[in-house]
Amino acid sequence: MSALLRMRGVIVRRQQREILHGIALDFVPGTVTALVGPNGAGKSTLLAVAAGDLRPDAGEVLLQGRPLAGYTAGALARERAVMPQEHGVRFAFSVEEVVAMGRLPHPPDPVVDDAQVEQAIDAAELQALRLREVQQLSGGESARTTFARVLAQQTPLLLLDEPTAALDLRHQERTLRSVRALADAGACVIVVLHDLNLAAGHADRIVLLEQGRVAADGAPADVLTEATLGRVYQQPVIVLQHPQRGVPLVVVADPT
């Protein structure tokens, strides 16, 4: 299958320091790719470049075979949806109004728009909160609202930066099951995660970053090994097998 998004030789510098070093990655439809790695590894920077929110200092990013720089803002918003780390809304919109903002890049169609908003609200379990002002939400409720807005945008590419960070156990699983369902329906999803077990349980592919470089790239079982994780995270781990899912289960090991 041809790549939906391609990154070729991507370099990002900040204050004369390289944050990303010649990243070359392809992302195809129908897959969930988890970006993992220690703090400062370059995960959010890579996602920002993939979204077109940050222009690389060298290299190129192609979406549907076209350079990201060649897209207008409206056209880009119809092709990719972005969930940032920060979900704050500074105005007194309701949850339903924020979710409906995901439909703005598309030509107005009240029937389709209402159906997509309703579906997104259901997926994020926001029915009881739909009329509440977003400034009154908890961190997790705010994150779920932003995720619902991304779902309502209905794009072939989704870029999610730590979507589960503020969520409880139930909503972490529910969010990533929704992500998995989108990919199974044909979307290309790239998600930054800190929880290696969530990545193993829901992603087809894991890209492990280390100091702005790709340290490992492949299926969860190939990337999440004791040797690789111990080296990159500088923390000994034990990798078991999940008793139900048959995927790697990473636990912290006591120092020897």
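- An unreviewed UniProt entry lists the protein chain under the name Heme ABC transporter ATP-binding protein, with Stenotrophomonas maltophilia as the source organism.
- Recorded under Function (unreviewed entry), the UniProt text for the protein chain is reproduced unchanged: "Part of the ABC transporter complex HmuTUV involved in hemin import. Responsible for energy coupling to the transport system."
- As stated in UniProt under Sequence similarities (unreviewed entry), the record for the protein chain gives "Belongs to the ABC transporter superfamily."

### Some details on the environment of Gln136
Here is step 1: Tracing the sequence through the fold places Gln136 in the loop between helix 4 (110-123) and helix 5 (139-153).
Here is step 2: The class of Gln136 is exposed, set by a relative accessible area of 53%.
Here is step 3: Spatially, the C-alpha atoms of Gln136 and Leu46 are 32 Å apart, while their sequence positions differ by 90 residues.

### Considerations on the side chain of Arg180
Here is step 1: Within the fold, Arg180 resides in helix 6 (residues 169-184).
Here is step 2: Of the residues examined, Arg180 reaches a relative accessible area of 17% and is grouped as buried.
Here is step 3: Contacts of Arg180, omitting those with residues within four sequence positions, involve Gly30, Val32, His202, Ala203 and Asp204.

### Some points on the sheet that holds strand 3 (residues 31-36)
Here is step 1: If you walk across this open sheet you meet the six strands as 6-7-8-3-9-10, and the pairing is mixed. Each edge of the open sheet carries a strand with a single partner, namely strand 6 (80-83) and strand 10 (213-218). When strand polarity is set aside, the average angle formed by the axes of neighbouring strands in this sheet is 15°.
Here is step 2: The pairing of strand 3 with strand 9 (residues 205-210) spans four bridges and is classified as parallel. Its bridge partner lying in strand 9, Val36 is registered against Leu208.

Calculation rules
Residues numbered from 1 in each chain as written. Predicted model: local features only at pLDDT ≥ 70, side-chain atom pairs only at ≥ 80, totals over all residues. Heavy atoms only, no water. UniProt positions renumbered as here; feature names shortened; annotations may be inferred. Helix = DSSP H or I, 4+ residues; strand = E, 2+ residues; numbered from the N terminus. Buried < 20%, exposed > 50% of the residue type's maximum accessible area, 1.4 Å probe, protein only. Contact = heavy atoms within 4.5 Å. Pairing = 2+ DSSP bridges. Axes fitted to C-alpha atoms, helices over the stretch in contact; angles between N-to-C directions.

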